[in-house]
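Chain by chain, the residues:
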Amino acid sequence: MAKRAIVTGITGQDGSYLAELLLDKGYEVTGVVRRLSASNFWRIEHLLDRITLRPADLLDQLSLIRVVQDVRPHEFYNLAAMSFVPASWDQPLLTGDFNSQGVTRVLEAIRQVDTGIRIYQASSSEMYGRVREVPQTELTPFYPRSPYGVSKVFGHYITVNYRESYGIFAVSGILFNHESPRRGIEFVTRKVTDGVARIKLGLADSLGLGNLEACRDWGFAGDYVRAMWLMLQQDTADDYVIATGVSHSVRQLVESAFSHAGLDWQKYVKTDPAFLRPAEVDHLIGDASKARKVLGWEPEVSFDKLVAMMVDADLERLSGQTRRVGAVR
Ligand code: NAP
Ligand code: G4F
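Rules of the game
Residues numbered from 1 in each chain as written. Chains lettered and ligands numbered in written order. Predicted model: local features only at pLDDT ≥ 70, side-chain atom pairs only at ≥ 80, totals over all residues. Heavy atoms only, no water. Helix = DSSP H or I, 4+ residues; strand = E, 2+ residues; numbered from the N terminus. Buried < 20%, exposed > 50% of the residue type's maximum accessible area, 1.4 Å probe, protein only. Contact = heavy atoms within 4.5 Å. Areas by Shrake-Rupley, 256 points an atom, 1.4 Å probe, with all protein chains shown as cover. Lys, Arg positive; Asp, Glu negative; His and termini not counted. Charge placed at Lys NZ, Arg CZ, Asp CG, Glu CD. Near = heavy atom within 4 Å. Polar contact = N/O pair within 3.5 Å; in protein donor to acceptor, adjacent residues only side chain to side chain. Nonpolar A, V, L, I, M, F, W, Y, C, P; charged D, E, K, R; others polar. 1 Å grid on protein atoms, 1.4 Å probe; cavity = no way out; pocket = protein on both sides within 12 Å on 5 of 7 lines; lining within 4 Å. Points joined across faces, edges and corners; volume = space filled by probe spheres on them. Pairing = 2+ DSSP bridges. Right-handed = clockwise from strand over helix to strand, strands pointing away. Domains from an automatic or database assignment. Buried area = accessible area lost by both parts, 1.4 Å probe. Salt bridge = Lys/Arg side-chain N within 4 Å of Asp/Glu carboxyl O. Phe/Tyr/Trp six-rings, centres within 6.5 Å; stacked < 30°, edge-to-face > 60°. Lys NZ or Arg CZ within 6 Å of the ring centre and 35° of its normal.

(A) Seen up close, the overall build of the protein. Regarding its fold elements, the protein presents ten helices and 13 strands. When the backbone C-alpha atoms are referred to their principal axes, the protein occupies close to 60 × 50 × 40 Å. By residue count, 54% of the 329 residues in the protein fall in the buried class. A separation threshold of at least 6 residues defines the contact pool for the protein, and within that pool the share at least 24 residues apart is 78%. Element-wise, carbon and sulfur atoms account for 50% of the exposed surface of the protein, whose accessible area totals about 14,700 Å². Across the protein, the centroid of the 38 positively charged side chains sits 3 Å from that of the 40 negatively charged ones.

(B) Quick look at the site of ligand 1. Within the structure, ligand 1 sits among 25 residues, and T11, R34, N40, S83 and Y148 are positioned closest to it. For ligand 1, an oxygen atom lies 2.6 Å from a polar atom in the side chain of T11. With respect to ligand 1, the side chain of N40 contributes an N or O atom lying 2.7 Å from an oxygen atom. Summarising the interface, the protein chains cover 90% of the accessible area of ligand 1, which totals 900 Å² for the free molecule. Of the residues that constitute the shell around ligand 1, the class distribution is ten nonpolar, ten polar and five charged.

(C) Focus on the site of ligand 2. As a structural note, the neighbourhood of ligand 2 is formed by 23 residues, with S124, S125, Y148, R277 and E280 the closest of them. In this structure, R183 approaches ligand 2 through a side-chain N or O atom, which is 2.9 Å from an oxygen atom. At 3.0 Å from a nitrogen atom of ligand 2 is found a main-chain nitrogen or oxygen belonging to E186. Alone, ligand 2 offers 710 Å² of accessible surface; in the complex the protein occludes 95% of this.

(D) Main features of empty space enclosed by the protein. Summed over all chains, the structure comprises one cavity of 30 Å³ or more. Of the pockets and cavities examined, the largest cavity occupies roughly 30 Å³. Considering the residues around the largest cavity, the lining is formed by E179, T189, T193, W218, L253, F303, L306, V307 and M310. Secondary structure elements with two or more residues in the lining of the largest cavity: α6 (188-200) and α10 (303-328). No other element matches the four residues that α10 contributes to the lining of the largest cavity.

(E) Geometry of the pairing of strand β5 (residues 118-124). Among the seven residues that make up β5, six are buried, leaving the element largely enclosed by the rest of the structure. Alignment of β5 against strand β6 (residues 170-175), held across six bridges, turns out to be parallel. Note that in β6 the partner of S124 across the bridge is L175. As for the winding sense of the linkage, the β-α-β connection from β5 through helix α5 (residues 147-166) to β6 is right-handed.

(F) Molecular detail of the domain arrangement of the protein. Assigned domains within the protein: domain 1 (4-179 + 219-242) and domain 2 (188-216 + 246-284 + 300-319). Each of domain 1 and domain 2 has a C-alpha centre, and the two are 27 Å apart. The interface of domain 1 with domain 2 comprises 17 residues on the first partner and 14 residues on the second. Where domain 1 abuts domain 2, roughly 1,400 Å² becomes buried across the two surfaces, and 60% of that area is made up of carbon and sulfur atoms. Considering only the surface of domain 1 that becomes buried against domain 2, W89, R145 and E179 emerge as the three largest contributors, covering 34% of it. The tally of links from domain 1 across to domain 2 stands at two salt bridges. Between E300 and R226 there is a salt bridge, with the nearest N and O atoms lying 3.8 Å from each other. Across the domain 1-domain 2 interface, the total number found is four residue pairs in polar contact (both at pLDDT 80 or more). The set of elements that each furnish at least two residues to the side of domain 1 that touches domain 2 consists of α3 (85-90), β10 (219-220) and α7 (221-231). Here the element with the most residues in the side of domain 1 that touches domain 2 is α3; it accounts for three residues. Its residues placed into classes, the side of domain 1 that touches domain 2 shows seven nonpolar, five polar and five charged.

(G) The packing of aromatic side chains, seen in detail. Taken as a whole, this structure holds ten aromatic pairs when the rule is applied. Look at Y224 and W297: their rings are 5.5 Å apart centre to centre, the planes differ by 90°, and that puts the pair in the edge-to-face class. With Y224 in helix α7 and W297 in the loop between α9 (289-295) and α10, this residue pair connects regions lying 73 residues apart in the sequence. With relative accessibility at 1%, the residue W297 sits in the buried group. Here a set of aromatic residues connected by ring pairs shows up, and it is made of Y128, F142, Y157 and F176. It is K191 that lies over the ring of F275; its NZ or CZ is 3.2 Å from the centre.

Structure representation (structure tokens):
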């Protein structure tokens, strides 16, 4: 009998890679989508004939209970969230409702329907914020620096609490930044690779960025969803840091992306205070020793390969657009 999995956030970057991985492993995959006036299925278009989509919303308890009751999954991956850090200062209450109480609603749905369902919660290295130690491990204290980070700390601890209170197989993956050609366009990696492609193709002449000195531990999303699945296959539920252990600054990201396209970044990048944050997370670098040892997980894509993959994908996507514009002219 095929295993059944529910994935919230299936229309997002991670949801699309995780759905591919689960289908490859023979799962029946149900994706939870919230109602929108127009669909945004560009990341899962190629999977639509192999997955089932069900409407539900992290804000609506009954819709979550209904989908869990109907599907009776073996595994539940809670990836849905308001995930863009700057937006969390604009909408702190909604961020908390999605990312904190939304997790409680998912856990409650599982508790009420079947405590045997295994659940993965998407926690974040943003919880470390103003870091208390370098590198960060599962034991490093949290010091979040944004409403997003604060909301994820709640999501993390309520997951631990449902594990300890009700014996639910609930795990929290503390994932460091992970990227891909499917990354949302407002996140810095994709903003840079999209900007490089536009400049290279003559569609733009500059790129405005915020803090170039911030450092992140960037990995490839395809590697990170493998870790999510591995966490739910263990004998006991536990929490894991997932990271490459290598950190780069935004400036190094910019240098790498522009040089991959044969461009000198200093001619095009302008710093713009509009992209600075009220409180910054200066330097993240994770220690994934526990995941390597217990899960046997290893990242396969290096930083340089990741940047090259993303620049190439944006060049290909936008050069198609140029040709179309050219044809109209
Ligand atoms: P993403 O691309 O922004 O996707 C977020 C997903 O959540 C989308 O499918 C979105 O649906 C859905 N969603 C948002 N609000 C919802 C609601 N109220 N009800 C139902 N669905 C809702 O994010 P991602 O990069 O794939 O990240 C996946 C998860 O990992 C998130 O929880 C994020 O916070 C966490 N995380 C990400 C990283 C990273 O570096 N990517 C690192 C650590 C943790 P729509 O398409 O309708 O907007
Ligand atoms: O790409 P970012 O917006 O990602 P951030 O804030 O690290 O958050 C991402 O990773 C978290 C894991 O640690 C996830 F939980 C979260 O959901 C999200 O996926 O910004 C990275 C860095 C920041 O320090 C920011 O100040 O890049 C800096 N930056 C500099 N200029 C910029 C820009 N970020 C953005 N988005 N846009 C800029 O123009």
